[in-house]
Amino acid sequence: MTTPTVALIGASGHGLWHRRALAPLHEAGRLRLVALVDVRPVEAAPDAPVPEGVGIFTDHREMLRTTRPDVVVICTPAHTHLPIALDCVAAGADLLLEKPPVLSLAEHATLAEALAAAGRACQVGFQALGSAALTELRRAVAAGAVGTVTGIAAVASWRRDDAYYARSSWAGRRAVDGRPVLDGALVNPLAHAVMQSLAVAGECVPGRPVSVEVERYRTRPIEVDDTATMRVTLDGGLPVVVAVTLAGEDFIPGEVIVHGTAGRAVLEYPTDRLRLPGDAAARQVPGRVGLLENLLAHRADPAGVPLIAPLATTAAFTAVVEAIVAGPEPTLVDAVPVGDGPARVRVIEGIDGALRLAGERMALLSELGVAWARPPFRTELAGHPDPVGRGG
């Protein structure tokens, strides 16, 4: 079988993460890296080398014409995803598309139609979906480990400093040139918390999301949220609550909590630590399938190797993104500055306890008596195309 050729669009910044994943696969001969694309200079790094013969481009269309890659990894700002993805599909490439894949259900439908017409595959960069711990959680819940599922929550408390919001012209922006960007906590750094909880919901109680209630807050002069609570309700009534911040006190990596009549299960999704009812403590569940490796295996055996994160599986996430786009600007709240210079962060006093309580009670911050919280923006999701967490 011919070794698949791969190109990376967006080779700097977060693209270095992809280059680190590509390097050992190229070295082992499982793929051949043929091109790197970025509007900024592409520099070699010790753990992300530029192999001899790899083309360096500043324009993805020129790269597609010149190298005709079999697979393209797209790691560019979210508002550029759809046009770049359509160009790659038209050139005959399969995709590994960073999250969020697109910013509306209309864009989701456009890309899905293009993929179907061209017979191409698209894997979306929700790498936590390849976790063996997630698989074990799903199986345990399906076997009745928590009894009847009554709710699913995700809680995370991170910090982002001033340098983070100065990293690019679109950082912290709601829109650029009239197109949504939404570089906020829910859609970008903590998007995995949203997607992971929706995926678990789809396995526990398959259904369609019918409404979204969201409260978004900011601690600095940005246009998007750095703190938020959100509740997605499925058509069967199951609530999914996400409570997150980038202005946290102590670090909470990210927990997906499955509440049930017989107990609760907790998956720390960034670390693959799992605690089921009856466990004395959380335990490590090793094993993740890499999304690019899975895509390559799917290309070799489409019928036998399903994609871990196909575009269809992310429809519920995109519906949530669309609801966020429709909502008002986030509310400014007080925070305490910590540190100096580019490393300075802002911390909301009491936020960790409030987020944990939101996850425990399946509530929004405004429902918990938080003084600065405001009533949520609510929107209905009639016509959502796919069950949560499902898709081909």
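Residues numbered from 1 in each chain as written. Predicted model: local features only at pLDDT ≥ 70, side-chain atom pairs only at ≥ 80, totals over all residues. Heavy atoms only, no water.

Asks: Is there a simple way to think about the overall build of the chain in this case?
Replies: Secondary structure assignment for the chain yields nine helices and 20 strands. In terms of overall dimensions, the chain is globule-like: its C-alpha atoms have a radius of gyration of 21 Å, near the 21 Å expected for 392 residues. Seen through its principal axes, the chain has C-alpha atoms that stretch 60 × 50 × 40 Å. Put simply, the chain has 392 residues, and 56% of those count as buried. Considering only residue pairs separated by 6 or more positions, the chain has 71% of its internal contacts joining residues 24 or more positions apart. Each charge class in the chain can be summarised by its mean position, and for the 36 positive and 43 negative side chains these summaries are 1 Å apart. (Helix = DSSP H or I, 4+ residues; strand = E, 2+ residues; numbered from the N terminus. Rg over C-alpha atoms; globule rule 2.2 N^0.38 Å. Buried < 20%, exposed > 50% of the residue type's maximum accessible area, 1.4 Å probe, protein only. Contact = heavy atoms within 4.5 Å. Lys, Arg positive; Asp, Glu negative; His and termini not counted. Charge placed at Lys NZ, Arg CZ, Asp CG, Glu CD.)

Asks: Help me understand helix α2 (residues 60–67), please; the structure alone is not making it clear to me.
Replies: Because each turn of an α-helix spans 3.6 residues, side chains separated by three or four positions in sequence point in the same direction. By the burial criterion, the buried members of α2 are H60, M63 and L64. For α2, the angular spread of the buried residues around the axis is 100 degrees, confining them to a single face. Among the exposed residues of α2, those pointing more than 90 degrees away from its buried face are R65 and T66. A distance of 2.8 Å separates the backbone nitrogen of R61 from a side-chain oxygen at the start of α2, and that oxygen is part of D59. Looking one or two places after α2, you find R68, whose phi comes out positive at around 45 degrees. (Arc of directions from axis to C-beta. Polar contact = N/O pair within 3.5 Å; in protein donor to acceptor, adjacent residues only side chain to side chain.)

Asks: Explanation requested: the packing of helix α3 (residues 81–90) against helix α4 (residues 105–118) in the structure shown.
Replies: Two packed helices can be described by the angle between their axes and the distance between those axes. α4 packs onto α3 with a crossing angle of 5 degrees between their chain directions and a minimal axis gap of 10 Å. When the axes of α3 and α4 are compared, the pair comes out roughly parallel. Here α3 contributes L82, A85, L86 and V89 to the contact with α4, which in turn contributes E107, T110, L111, A114, L115 and A118. Across the contact of α3 with α4, the residue classes tally to eight nonpolar, one polar and one charged. (Axes fitted to C-alpha atoms, helices over the stretch in contact; angles between N-to-C directions. Parallel < 35°, antiparallel > 145°, perpendicular 65-115°, else oblique. Nonpolar A, V, L, I, M, F, W, Y, C, P; charged D, E, K, R; others polar.)

Asks: Whenever I open this one, the pairing of strand β12 (residues 239–245) confuses me. Can you help?
Replies: Walk down a regular strand and you will see the side chains alternate between the two sheet faces. Where burial is concerned, most of β12 is hidden: seven out of the seven residues are buried. Residues P239, V241, A243 and T245 line one face of β12 and the alternating positions V240, V242 and V244 line the opposite face, and both faces are buried. Here strand β7 (residues 149–159) pairs with β12 via six bridges, running parallel. By the bridge assignment, A154 is partnered in β12 with V242. Alignment of strand β11 (residues 227–234) against β12, held across seven bridges, turns out to be antiparallel. Its bridge partner being in β12, V232 is matched across the sheet by V240. Here β11 folds back onto β12 in antiparallel fashion, the turn holding four residues, of which G237 has a positive phi close to 100 degrees. (Pairing = 2+ DSSP bridges.)

Asks: What is the right way to read the nonpolar core from this model?
Replies: Within soluble globular proteins, side chains that are nonpolar generally end up buried alongside one another. Counting 87 residues, the largest nonpolar core has C88, L95, L137, I152, L186, M230 and V258 as the members making the most contacts within it. The residues touching L186, leaving out its near neighbours within four places in the chain, are A191, V194, V214, D225, A228, M230, V242, V244, F317 and I324. (Core = buried A, V, L, I, M, F, W, Y, C linked by side-chain atoms within 4.5 Å.)

Asks: Even after reading the chapter, I still don't get the packing of aromatic side chains, so can you show me in this structure?
Replies: Centre-to-centre distance and the angle between the planes together describe a pair of aromatic rings. Inspection of the entire model under this criterion finds three aromatic pairs. A centroid spacing of 5.0 Å and a plane angle of 85 degrees characterise the contact between Y164 and Y165, whose relative ring orientation is edge-to-face. This pair shows no difference in class: Y164 is buried, exactly as Y165 is. One residue, R160, lies across the ring of Y164, its end atom 5.1 Å from the ring centre. (Phe/Tyr/Trp six-rings, centres within 6.5 Å; stacked < 30°, edge-to-face > 60°. Lys NZ or Arg CZ within 6 Å of the ring centre and 35° of its normal.)

Asks: I'm lost on the sheet that holds strand β5 (residues 94–97) in this one. Help?
Replies: Picture the strands of a sheet paired through backbone hydrogen bonds; they go either parallel or antiparallel. An order of β3-β2-β1-β4-β5-β6 is seen for the six strands of this open sheet, with the pairing classed as parallel. In this open sheet, the two edge strands, each paired with only one partner strand, are β3 (55–57) and β6 (122–124). Sheet twist, expressed as the mean angle between neighbouring strand axes with direction ignored, is 20 degrees. Summarising the sheet, β5 and β6 pair through three bridges and their orientation is parallel. The residue bridging L96 from the neighbouring strand is Q123, located in β6. Contacts between α2 and the sheet are confined to β1 (5–9), β2 (32–37), β3 and β4 (71–74), with β2 contributing the most and set at about 155 degrees to the helix.

Asks: Teacher, can you tell me more about the environment of G248 here?
Replies: Of note, G248 is situated in strand β13 (residues 247–260). With 27 residues separating them along the chain, G248 and R275 place their C-alpha atoms 23 Å apart. Setting aside residues no more than four positions away along its own chain, G248 makes contact with S157, W158, R159, V347, I351 and D352.

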